[in-house]
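Here are the chains, one letter per residue:
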Amino acid sequence: MLEIRSLVKSFGRKAVLRGVDLTVAPGETVVMFGPNGAGKTTLMRIISTLSKPTAGKVRVGGIEISYAPDAVRQQLGFVTHAPLLYDSLTAEENLRFFGRLYRLNDLDARIDALLRQVGLAARRHDPVRTYSRGMVQRLSIARALLHDPPMLLLDEPDTGLDQHAAAMLHRVVAEVAGVRQNGEGEGKRASVLLTTHNLERGLAWADRLVILAGGRVAFEARRGDLTEESLRETYDRIVGERG
Amino acid sequence: MARRSGRWLMALDVVAGLAILGAVYMALVYAPDAANLTSENEIKAQHIFYFHMGCNVASAIGLFTSFVASILFLVTRRRIWDSIAVSGVEMGLAFGIGVLASGSVWARPTWNTWWTWDPRLTSAAVTVLVYVAYLMLRGAVEDPGRRARFAGVYGVFAFVSVPITFLSIRLWRTIHPVVFGAANPDSQGSFGMGPNIRLVLMYSMFAFTILAITLLIHRVRLELRREEVEHLKEQLAA
Amino acid sequence: MNYLRQVAAIVWKDVVAELRTKDIFSAMFVFALLSVLIFQFAFDLRVENVKQVAPGVLWVAISFAGVLGLNRSFALEKDKGSMEGLLLAPVDRSAIYFGKMLGNVLFMLAMEALVIPVFIILFNLPLYLPGVLLVVLLGTLGFAGVGTLFSAMAVNTRAREVLLPILLFPILVPVLISAVKLTGGFLDNIPLSENINWLQLLVVFDVVFIAIAFMTFDYVVEE
């Protein structure tokens, strides 16, 4: 679903990503860890076409991102720590707006279903300004899922959430991203690339784990090959080495 | 390679220096006084005109270079064009201020004022302000890639706005002498262009063209070295 | 067709948000009134014929208030990170430009629709002439056309809001001159044929600069 080959990104002459290789298979959930400044957010922004790579290849669903960015955007759902929503609009208006940008048909039914799924149906006519952090984040996930993308990017979606809200986020992601709702490939799982600082939660989510450090993929393992302790040990060693 | 280009540049420096010395001589000593001017001060001040027009040409070269370089940067994304664009603007701006200053010195005895809101003066001042804004924009962006893109876009807007602003001059009554093209019957301080005056003018514009090109090359080299230093500093810090 | 629908969606979003908060509109309108008031104090002492300064005062008020509104337009998107939401959608970048620009034109026209009657009352001038309204429309189009692009640049600089008027006003000089000339011409009952050059200049400016903004907006929003 996602293929990244020797990806380099520099700002000016300062390299942030120095040759990243990473793949995410269809239906697979890959969790990425890494210290601040390792380039996680930069990598997510490049995959999502927000930022242009300096060198290297990125393919989403077999399409090179620089070749047909609009086709790639259609296949991606992106959740970041920023909600990417409009405060003064209601939940329903926000989804309606993005639905129009994504040229969706049958928008009303889709919005109803999504709002129920993320548990916001009762508050659909309230402006987002009045929402709690957790509710904003759930709406943000609904926005990312609106066009039923086969690939989800989640950049630290659990930042700033309390335990309860994080648990709810976990449930929503597992439930909503787990099984695609309609359209082509119905019933198939979506591919997910997720970053988090919480090793325990990341381990619970992942099929596969990678650690990004120093602008490269420094470690890669299947979930079954790791325990939480061995992951923590490895993480500390890699991050410690880089100073 | 660098050695040889350095030698060529040194030769160009000497040529430019001699050409400007020649222009000073031609303008102040060789050039005849304008025939139709009467007062002593006006006659002396008229000799400024050669530098005024010289600065004008040099400024135009700098700004036009920046326009072309801005477009080429946006199309090719090669950093060198951005370096050339900023060099062109700085040089064009310096000579543009020279145009305003020399014009003011001339206007004082001729129009009896340092400055008037004549449209041609106004649009020259607006042009200077546009490019001051260009430099302020560059100064306000830290990421070099974004700085180059923003500057490229603004560089295109700036240069396209200049002729449209100048177009508005032709629509407005002006007291500025028109030396090329149709004479302006309302202008004050205009003078006949005898063959010698024309010769000195042409030579002076030619000398300033060489000076402009020489300075531009130096400024681009300086910009490239500045970037190199910035890069080395970053590497040391990392 | 899809393109137009996406442009319309962006305009719709800005208008709905604005109708709810009235942030931009109220700030622009009050600021325009204040500038008229300040000019009134400043000129009242010396100027005998209001008609001579009124077109200038009107356009200065519109420009100052317009800059205020343009700044808010992208500052709101930038602060909440919602600009990225727009960029993530499969929308041509130029559709974002046209959507934001048309929104800005609407907000400015709404402000002008209230400022002009105030002018008519305060200065006793017949500004509701169709010619004047045409000039207001064309001037606003040029203003917002260039201003929308520059405001997208300004919010991404260190200086932010401060930079927009500095970038914008020197480029907009032809719009301001020709709008003031034309407005004055209509007020003095000068036949349009005598001022047709100014009208042409205004139209040429609008077309040329909106075209350049259309072509260069990609460079401003990419990273």
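About the cut-offs
Residues numbered from 1 in each chain as written. Chains lettered and ligands numbered in written order. Predicted model: local features only at pLDDT ≥ 70, side-chain atom pairs only at ≥ 80, totals over all residues. Heavy atoms only, no water. Helix = DSSP H or I, 4+ residues; strand = E, 2+ residues; numbered from the N terminus. Expected span 1.5 Å × (residues − 1). Patch = residues over 30% accessible without salt bridge, like charges linked within 9 Å, V, L, I, M, F, W, Y side chains within 5 Å. Areas by Shrake-Rupley, 256 points an atom, 1.4 Å probe, with all protein chains shown as cover. Salt bridge = Lys/Arg side-chain N within 4 Å of Asp/Glu carboxyl O. Axes fitted to C-alpha atoms, helices over the stretch in contact; angles between N-to-C directions. Parallel < 35°, antiparallel > 145°, perpendicular 65-115°, else oblique. Left-handed = near helix turned anticlockwise from the far one by under 90°. Contact = heavy atoms within 4.5 Å. Nonpolar A, V, L, I, M, F, W, Y, C, P; charged D, E, K, R; others polar. Core = buried A, V, L, I, M, F, W, Y, C linked by side-chain atoms within 4.5 Å. Buried < 20%, exposed > 50% of the residue type's maximum accessible area, 1.4 Å probe, protein only. Buried area = accessible area lost by both parts, 1.4 Å probe. Polar contact = N/O pair within 3.5 Å; in protein donor to acceptor, adjacent residues only side chain to side chain. Pairing = 2+ DSSP bridges. pLDDT = per-residue confidence, 0-100. 1 Å grid on protein atoms, 1.4 Å probe; cavity = no way out; pocket = protein on both sides within 12 Å on 5 of 7 lines; lining within 4 Å. Points joined across faces, edges and corners; volume = space filled by probe spheres on them.

Chemist: Looking at this structure, I do not really get helix α3 (residues 49-76) of chain B. What am I missing?
Modeler: Quick reminder: α-helices carry 3.6 residues per turn. Residues three or four places apart thus point the same way. The end-to-end C-alpha distance of α3 of chain B, which contains 28 residues, comes to 40 Å, matching closely the 40 Å that a straight helix rising 1.5 Å per residue would cover. Of the residues one or two after α3 of chain B, R77 of chain B is the one with positive phi, at around 65°.

Chemist: Sorry, what's going on with a nonpolar patch on the surface here?
Modeler: All names here are of chain B. Side chains of V24, Y25, L28, V29, Y30 and L199 sit close together on the surface and give an oily, nonpolar patch of about 570 Å² of accessible area. If one sorts the elements of the nonpolar patch by residue count, helix α1 (residues 2-30) sits on top with five residues. Examined against the element boundaries, V24 turns out to sit in helix α1.

Chemist: Just to check I follow, could you spell out the packing of helix α3 (residues 91-101) of chain A against helix α4 (residues 107-117) of chain A for this structure?
Modeler: In helix packing, the relevant descriptors are the interaxial angle and the interaxial distance, both defined with respect to the helix axes. Residue and element names in this part refer to chain A. At a minimum axis distance of 10 Å, the contact between α3 and α4 shows a crossing angle of 130°. In terms of axis orientation, α3 runs oblique to α4. At the point where α3 passes α4, the crossing takes the right-handed sense. From α3, A91, E92, L95, R96, G99 and R100 reach across to α4, where they touch L107, D108, I111 and L115. Here the residues of the contact of α3 with α4 are counted per class, giving five nonpolar, one polar and four charged.

Chemist: Help me understand unusual backbone geometry in this model?
Modeler: Backbone phi values are negative for most residues with the exception of glycine, while trans is the configuration of most peptide bonds. Residue and element names in this part refer to chain A. Although it is not a glycine, S6 adopts a positive phi angle of roughly 40°. Looking at the secondary structure, you find S6 in strand β1 (residues 2-11). Phi at D106 is positive, roughly 60°, even though this residue is not glycine. Looking at where D106 falls in the secondary structure, it is placed in the loop between α3 and α4.

Chemist: Would you take a moment to explain the nonpolar core for this structure?
Modeler: Burial of nonpolar side chains together is a common tendency in soluble globular proteins. Ranked by size, the top nonpolar core spans 189 residues in total, and within it L43, L139 and L193 of chain A, Y131, Y154 and F157 of chain B together with F150 of chain C carry the most contacts. Leaving out residues up to four positions away in the same chain, L193 of chain A has contacts with L2, L22, V24, V30, M44, I47, M151, L152, L153 and L154 of chain A. Ranked by size, the runner-up nonpolar core spans 14 residues in total, among them F49, Y50, L201 and M205 of chain B.

Chemist: Is there a simple way to explain the interface of chain B and chain C in this structure?
Modeler: Where the parts come together, the accessible area they lose is often given as the size of the interface. Contact residues are listed per partner, giving 29 residues for chain B and 30 residues for chain C. Summed over both partners, the interface of chain B with chain C buries about 2800 Å², with 75% contributed by carbon and sulfur atoms. The interface formed by chain B and chain C holds three salt bridges in total. One salt bridge in this structure joins R149 of chain B and E222 of chain C, with 3.6 Å as the shortest N-O distance. Where chain B packs against chain C, one counts nine residue pairs in polar contact (both at pLDDT 80 or more). Elements represented by at least two residues in the side of chain B that touches chain C include exactly α3, α5 (119-139) and α6 (144-171) of chain B. Looking at side-chain class alone, the side of chain B that touches chain C contains 21 nonpolar, four polar and four charged residues.

Chemist: Is there a simple way to explain the pairing of strand β10 (residues 216-222) of chain A in this structure?
Modeler: Strand residues, when the strand is regular, have side chains that alternate between the two faces of the sheet. Residue and element names in this part refer to chain A. Direction of pairing for strand β9 (residues 208-213) relative to β10: antiparallel, over a ladder of six bridges. Looking at β10, one finds that V210 is bridged to E220. Linking β9 back to β10 in an antiparallel pair, the connection comprises two residues, with G214 at a positive phi of about 60°.

Chemist: What is the right way to read the confidence of the model for chain B from this model?
Modeler: Averaged over all residues, the pLDDT of chain B is 84; the fraction at 70 or higher stands at 87%. Summarising per-element confidence for chain B, the mean pLDDT is lowest in helix α2 (residues 40-46) of chain B (78) and highest in α3 of chain B (93).

Chemist: Looking at this model, I keep getting lost on the layout of surface pockets. Mind explaining?
Modeler: Over the atoms, a rolling probe the size of a water molecule traces out where space has been left empty. The calculated volume of the second largest pocket comes to roughly 860 Å³. Forming the boundary of the second largest pocket are 30 residues, of which K9 and K52 of chain A, R77 of chain B together with E222 and E223 of chain C lie nearest the centre. Secondary structure elements with two or more residues in the lining of the second largest pocket: β1 and α2 (69-75) of chain A, α6 of chain B together with α8 (192-221) of chain C.

Chemist: Please clarify how the pairing of strand β7 (residues 151-155) of chain A should be interpreted in this entry.
Modeler: All names here are of chain A. In terms of burial, β7 is largely enclosed, as five of its five residues are buried. Here β7 shows a buried face lined by M151, L153 and D155 and a second buried face lined by L152 and L154. Relative to β7, strand β6 (residues 76-79) runs parallel, the two being bridged by four bridges. Counterpart to G77 in the pairing with β7 is L152. Bridging between β7 and strand β8 (residues 191-195) involves five bridges; their strand directions are parallel. Pairing of L152 across the sheet is with V192, part of β8.

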